[in-house]
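Observations on chain architecture
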Amino acid sequence: MIRAAALTLALWASASTAQDSPAVAAQSAASGLSIAQALLDTASTKRDRVAALTETVKAYEAGLIAMRDGLRRAAVHQQTLETQLQNQQAEVGQLLGVLQAMGRAPTPLLLLHPNGPLGTARGGMIAADVTPALQQRADALASQLEELAALYALQESAVETLAEGLQGAQEARSRLSEAISNRTDLPTRFSDDPVQLALMLASTETLEAFASTLTDTFLADRAGPGSTTANADLELPVQGQLLRRFNAPDAAGVTRPGVILAARPRALVTAPTAATLLFHGPLLDYGNVVIIEPAAGVLFVFAGLAEVYGTPGQVLPAGTPLGLMGGDQPTVDAILTETTGVGGPGATQTLYLEVRDGQSPVDPGLWFALE
């Protein structure tokens, strides 16, 4: 399945080279799938298998995003060409009429003029000037029609490619979840107490209070996993776009000391750096929350996930899957409808990202490459 999808993505990318960025992205995703397959073939440990499947899911996500972008651009270009041709119907009709008349007329008649030799000479000069222009215009129309036909063919071929990509992505997510549940080789900094954690959750009224109590309870006098510093260069935990900045009010005027990222349904969320998994599960009105500690006194809080992975206390390498976003995986028809601008699923899920340093929230832009 992975090799077949990689080949399909590569073929689709080569067919859409007119769409620069999507073609390059699709080819990159196809290459990523091939690399992930090689990693799976050589995986000798559970850690290697999780890493390979993580790369597989990411490559599928990148490939599907590239296809969506390419199809959207193709749809826009198709609509532009159709509009241009519709607006030129009268001109095209006249042009075809002239070309057909010239094609049906016997050659000797084209060389004669009722005003005699002088008229014939002048007519020949005019014909010599007009004919190349007519041919150039005819060639331009033919090129537009060929391009339009290629866009139609590209969209038809995308149906099968999208179906394979969506199926492959779903299969990869399932295999990843299974591999993570079977993984037992991660180091552990602490073991959480379910009773104590339940009492903390019951008495917690704010995220700030919970994070403070969590750190004091489970991480006192324990060395952290690394020395991550604020360099604004960490990759985002999910493939998505910045929707709302730090402390920016939402439509209701509510502000939160974090940023909101727009992501697609079932997108994979990963640890941006090595960190200790402190907590995951439902918390207040944030939905499923994941809290990790990348450095002493620093917490990364991710909220809004539908599924969460791992066990609190584990030390996670960079890139370790933390969970999946919610929503339903879109169908092929929904994606094709989305690319035509009528509507569709798009980036309908939101991930809340908060960074706390010394128990106080700070701008995540100090740590992450938000742009």
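Anyway, here's the lowdown on the structure attached to this text. (Residues numbered from 1 in each chain as written. Predicted model: local features only at pLDDT ≥ 70, side-chain atom pairs only at ≥ 80, totals over all residues. Heavy atoms only, no water.)

Some words on the pairing of strand β8 (residues 321-325)
The following threshold applies: Working definition: with a 1.4 Å probe on protein chains only, accessible area under 20% of the residue-type maximum means buried, over 50% means exposed, and in between means partly exposed. Helix and strand assignments follow DSSP, with helices taken as H or I runs no shorter than four residues and strands as E runs no shorter than two, numbered in order from the N terminus. Two strands are said to pair when DSSP picks up at least two bridges between them.
Within β8, five of the five residues are buried, leaving the element largely enclosed by the surrounding structure. Two elements, strand β6 (residues 298-308) and β8, share three bridges in a ladder whose sense is antiparallel. Each bridged residue has a counterpart across the sheet, and for V308 the counterpart in β8 is G323.

Quick look at the pairing of strand β2 (residues 259-263)
On a regular strand, one side chain projects to one face of the sheet and the next to the other, so that they alternate. Among the five residues in β2, four count as buried, and that is most of the element. Here strand β1 (residues 240-244) pairs with β2 via four bridges, running antiparallel. Note on β2: the bridge partner recorded for G240 is A263. With five bridges joining them, β2 and strand β9 (residues 349-357) adopt antiparallel strand pairing. The residue bridging L261 from the neighbouring strand is L351, located in β9.

A short note on unusual backbone geometry
For N247, which is not a glycine, the phi torsion comes out positive at approximately 65 degrees. Tracing the sequence through the fold places N247 in the loop between β1 and β2. For R266, which is not glycine, the phi dihedral falls at a positive 65 degrees. Mapped onto the secondary structure, R266 falls in the loop between β2 and β3 (268-270). A relative accessible area of 14% places R266 in the buried class.

Concerning the nonpolar core
Note the cut-off: The term nonpolar core refers to a set of buried residues drawn from Ala, Val, Leu, Ile, Met, Phe, Trp, Tyr and Cys, joined through side-chain atoms within 4.5 Å. Any two residues having at least one pair of non-hydrogen atoms within 4.5 Å are treated as being in contact.
Residues I292, F300 and F302 are the most contacted members of the largest nonpolar core, which totals 28 residues. Breaking this core down by element, the ones donating at least two residues are β2, β4 (275-282), β5 (288-295), β6, β8 and β9. No other element matches the four residues that β6 contributes to this core. Not counting residues within four places of it along the chain, the set of residues in contact with F302 comprises P237, P272, N288, V289, V290, I292, L322, L351, Y352 and L353.

That is the geometry; function is a separate question.
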